[in-house]
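Coordinate analysis (summary)
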Amino acid sequence: MADSLPTEFDVIIIGTGLPESILAAACSRSGQRVLHLDSRSYYGGNWASFNFSGLLSWLKEYQQKSDVAEESTASWQGLIHETEEAITLRKTDETIQHTEVFCYANQDMDDKIQETDALQKNPSSLTSSTLTKPLDSACLSEETHSYVTSYEMPAKDIPKNDGEISLEVSGVEGTLAEEKYCGDETCRHTVSGGDTDENKPIEEDNTDQLKRKRITYSQIVKESRRFNIDLVSKLLYSQGLLIDLLIKSNVSRYAEFKNVTRILAFREGKVEQVPCSRADVFNSKELTMVEKRILMKFLTFCLDYEQHPDQYQAFMQCSFSEYLKTKKLTPNLQHFVLHSIAMTESSCTTIDGLKATKNFLQCLGRFGNTPFLFPLYGQGEIPQCFCRMCAVFGGIYCLRHKVQCLVVDKESGRCKAIIDHLGQRINAKYFIVEDSYLSEKTCSNIQYKQISRAVLITDQSILKTDSDQQISILIVPPADSGTCAVRVTELCSSTMTCMKDTYLVHLTCSSSKTAREDLESVVKKLFTPYTEAAINEEELTKPRLLWALYFNMRDSSGVSRSSYNGLPSNVYVCSGPDCGLGNEHAVKQAETLFREIFPSEEFCPPPPNPEDIIFDGDDKQPEVSGTNNIIMAKLDSSEGSKNLESPGKHLEN
């Protein structure tokens, strides 16, 4: 396809992260000719999800890339005219660093499983496989590509679970269809039914603990396709910008979601469940009756705190934690509000804490007892959903397609074209580039922040209940002043992100050191490394850690446009993932850039009524913006059109 690319577009987008994918969908929907490129072999960039084998290949590719010479590309210097100059783009991705992998699960030597260089073969070894060079995943093999993305199945194959919000999955054919193919067989999963008492903690005696199912590394590799491991850990606020955009644009039909079932707190070395709704508060055994009344009164105030400025204006210069002490909240309630409801740092301002608390409360009850949703198959599904919308309206996609430089007109200072790795010159009016593609020269004045990440595979939940299908979020407060709280998200197998009898755990915080140094102390508090040796009763109460990955990811979300050197006026930059829990920054950035480029166009409007679509033969009727693209997509994706009428629950306002 790359050899026959058109040479004229309205918008060229480089990178397939969430903000770039939203912009691609918005531009294509407004009738613009869109070319969407990515040098990687998978969609999503640092927003991507991998199955277990794909993640190991991603790590291995980073390790090997540092030892091999850059592949030859077509020369571009001869394509630059005298009145033009070139802005070269970065050849390798340098956004991931300090990657360390640990395997604690037993290596079952009876199974002939191919070992990977990314893992230590000694199951109990604490020696890491440290990758000091930046990772580069642009050249994954065709075989690896089949492992990289998540897997989609028809909604009819999934038994509906209590608390699950089902969005129809469209079988749109085309450039993204291959992303859902699992080698020589189709992957099918089932979701276990809900449990009405699933949030009730249960006590487990030592006999039950000793009966834990033994899980080996070989089993994890065999069940690789059951895993969908996100590079960035996020949740969707049920009243957040991303959910509203998914519903408004009808992109929600391409995905499915589950409600996060519980919010946890870590206090005095123990994990406990936090009451969220009014019913949860009054049913809680963790709070006294007096505490319940105090908490309900404070939360009621937070819902309309703007109407009572006299109650907080005197504390505008104070931290939120100090403000909570003045509201007669007990230490127990202060901890719950600060770390499990507002989910902010102790040092955040009073007004920011009140805003966060109000946002949390407003999101309750829309789709479940907690404010959050999680996409089945992982966060990496969301960028692909918007890419599908772009493709439906005529956008062109090319993966494994590197861009060597931007071509800038010296007189006007505007970018005119790109030159790809094949030496092809492609012209456009506007260019959108993900930050990681910009060269060191362009970014020389920028001091990037970093995100510390850990991905764990464990054998049981951090808070065991009657149901083993829990999706939980936990904020672990900082142990020392000057350090950051750690966000822990625990996913069960019904999220299609891990195999049965395991949990996938994500840890995230702002970096002060390497990811391992930032997060290992929290891992030790919550988990016990798996070992065949006898362990004491206290350790038996903790989940066993089977596998762990630590890495640092660049956070470019706070970088202003003026910080980049020599950026043409029609080149716009999208940032990578930020450290926040939600996706608000990505959606705001995409909408802001779209309105700057196309101020007269609506941002991701609802799709047209099929009856209003004008076909080529009806040339006497007035043409609607974007109609030709709609016609092409509808003719090529009839299967997706059929699914628009499929039964089931849908996200609605």
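Per chain, residues are indexed from 1 in the order of the written sequence. In keeping with the predicted nature of the model, local features appear solely for residues at pLDDT of at least 70, side-chain atom pairs appear and are counted solely at 80 or more, and the whole-chain, interface and lining totals rest on all residues. With hydrogens and water stripped out, all remaining heavy atoms of the structure feed into the side-chain values.

As named in an unreviewed UniProt entry, the protein is Rab proteins geranylgeranyltransferase component A, taken from Puma concolor. Its UniProt record gives the protein a comment under Function (unreviewed entry), which states: "Substrate-binding subunit (component A) of the Rab geranylgeranyltransferase (GGTase) complex. Binds unprenylated Rab proteins and presents the substrate peptide to the catalytic component B. The component A is thought to be regenerated by transferring its prenylated Rab back to the donor membrane." UniProt positions are given in the numbering used here, feature names are shortened, and annotations may be inferred rather than shown by experiment.

The subject of this paragraph is the overall build of the protein. Segments assigned H or I by DSSP are reported as helices when at least four residues long, segments assigned E as strands when at least two residues long, and all are numbered from the N terminus. Counting secondary structure elements, the protein contains 17 helices and 24 strands. Relative accessibility thresholds used throughout: buried, under 20% of the residue-type maximum; exposed, over 50%; partly exposed, between the two (1.4 Å probe, protein chains only). Evaluated residue by residue, the protein yields a buried proportion of 58% over its 653 residues. In this analysis, two residues are considered to be in contact whenever any of their non-hydrogen atoms come within 4.5 Å of each other. Sequence separation of 24 or more characterises 77% of the internal contacts of the protein that already satisfy a separation of 6 or more.

The next thing to look at is the packing of aromatic side chains. In this scheme Phe, Tyr and Trp rings, the latter by its six-membered ring, pair at centre separations within 6.5 Å, and the angle between planes marks the pair as stacked below 30 degrees, edge-to-face above 60, and tilted otherwise. Tallied over the full model, the rule gives 18 aromatic pairs. Relative to Phe 598, the ring of Tyr 430 lies with its centre 5.4 Å away and its plane at 70°, an arrangement referred to as edge-to-face. Of this pair, Tyr 430 sits in strand β17 (residues 430-434) while Phe 598 sits in the loop between α15 (584-597) and α16 (627-636); the two residues are 168 residues apart in sequence, bridging distant segments of the chain. Note on criteria: charge over ring means Lys NZ or Arg CZ within 6 Å of the ring centre, with the direction from the centre no more than 35 degrees off the ring normal. If you follow Arg 561 out to its NZ or CZ, it ends over the ring of Tyr 572, 5.4 Å from the centre.

Okay, the side chain of Ser 557 next. Note on placement: Ser 557 falls in the loop between β23 (544-555) and β24 (571-574). The exposure class assigned to Ser 557 is buried, which follows from its relative accessible area of 16%. Reaching out from Ser 557, the side chain makes a polar contact with the side chain of Asp 555 at a distance of 2.6 Å. Each polar contact in these results corresponds to two N or O atoms within 3.5 Å; when the atoms are within protein, one needs to be able to donate a hydrogen and the other to accept it, and residues that are neighboring in sequence are counted only if both atoms are side-chain atoms.

Attention shifts here to the pairing of strand β15 (residues 415-420). Across the six residues that make up β15, a large majority, five, are buried. Being paired, for any two strands, means DSSP has found at least two bridges between them. Here strand β14 (residues 403-409) hands over to β15 after five residues, with Gly 413 in that stretch at a positive phi of 75°. Two elements, β15 and strand β16 (residues 425-427), share three bridges in a ladder whose sense is antiparallel. By the bridge assignment for β16, Ile 419 is matched with Arg 425. Connecting β15 to the antiparallel partner β16 that follows it, the hairpin turn spans four residues, and Gly 423 within it adopts a positive phi of roughly 85°.

We now examine the environment of Arg 267. In this fold, Arg 267 is placed in strand β10 (residues 262-267). Judged by relative accessible area, which is 22%, Arg 267 ranks as partly exposed. A polar contact is formed between the side chain of Arg 267 and the side chain of Asn 332, at a distance of 3.2 Å.

Turning next to the packing of helix α1 (residues 18-29) against α15. Contact pair α1 / α15: the axes reach a minimum separation of 9 Å and the direction vectors enclose 40°. One finds that α1 runs oblique with respect to α15. For the pair α1 and α15, the crossing hand works out as right-handed. Listed contacts from α15 to Leu 18, Pro 19, Ile 22, Leu 23, Ala 26 and Cys 27 of α1 are Ala 586, Val 587, Gln 589, Ala 590, Leu 593 and Phe 594. Each residue receives one of three labels: charged for Asp, Glu, Lys and Arg, nonpolar for Ala, Val, Leu, Ile, Met, Phe, Trp, Tyr, Cys and Pro, and polar for the others, Gly being one of them. Taken together, the residues of the contact of α1 with α15 sort by class into eleven nonpolar, one polar and no charged. To obtain an axis, a line is fitted to C-alpha atoms, over the contacting stretch when the element is a helix, and the angle between two such axes runs from 0 to 180 degrees between their N-to-C directions. Convention used here: angles under 35 degrees read as roughly parallel, angles over 145 as roughly antiparallel, angles from 65 to 115 as roughly perpendicular, and any remaining angle as oblique. Here a crossing is taken to be left-handed if its near helix is turned anticlockwise relative to the far helix by less than a right angle, and right-handed if that turn runs clockwise.

So, about the pairing of strand β11 (residues 270-273). The sheet contact formed by β10 and β11 spans four bridges and is antiparallel. Residue pairing across strands places Ala 265 opposite Glu 272, the latter belonging to β11. Here β10 hands over to β11 after two residues, with Glu 268 in that stretch at a positive phi of 55°.

Attention now goes to the sheet that holds β17. One open sheet holds the five strands; their spatial order is β13-β2-β1-β17-β24, and the pairing between them is parallel. Lying at the two open borders of the sheet, with one neighbouring strand each, are β13 (396-398) and β24. With direction set aside, neighbouring strand axes in the sheet form an average angle of 15°. Sheet topology places β17 next to β24; four bridges connect them, and they run parallel. Bridge assignment links Phe 431 to a residue of β24, and that residue is Val 571.

Structurally, the α-helix is built with 3.6 residues per turn, so residues lying three or four positions apart point the same way. Its twelve residues place the ends of helix α12 (residues 381-392) 17 Å apart at the C-alpha level, agreeing with the 16 Å of an ideal helix rising 1.5 Å per residue. Among the twelve residues in α12, eleven count as buried, and that is most of the element. Buried within α12 we find Glu 381, Ile 382, Pro 383, Gln 384, Cys 385, Phe 386, Cys 387, Arg 388, Met 389, Cys 390 and Val 392. Gly 394 sits one or two positions beyond α12 and adopts a positive phi of about 105°. Between the first and last residue of a helix there are one fewer steps than residues, each counted as 1.5 Å, and that sum is the expected span.

A pair is scored as a salt bridge if a Lys or Arg side-chain nitrogen falls within 4 Å of a carboxyl oxygen belonging to Asp or Glu. This structure, assessed with the given rule, holds 19 salt bridges. Three or more residues are tied together by salt bridges with common partners; here these are Asp 10, Arg 33 and Lys 429.

This next bit is on the packing of helix α6 (residues 241-249) against α15. Interhelical geometry of α6 versus α15 gives an angle of 55° and a closest axis separation of 8 Å. In terms of axis orientation, α6 runs oblique to α15. For the pair α6 and α15, contact is made by Leu 241, Leu 242 and Leu 245 and by Glu 584, Val 587 and Lys 588, respectively.

Turning next to the sheet that holds β15. Sheet strands pair via backbone hydrogen bonds, and the direction of the pair is either parallel or antiparallel. Strand order in this open sheet of four strands is β4-β14-β15-β16, and the pairing throughout is antiparallel. With partners counted over all chains shown, the strands left at the sheet margins are β4 (84-88) and β16, one partner each. Sheet twist, expressed as the mean angle between neighbouring strand axes with direction ignored, is 30°. Strand direction decides the pairing type here: β4 and β14, joined by five bridges, are antiparallel. Residue pairing across strands places Thr 88 opposite Cys 405, the latter belonging to β14.

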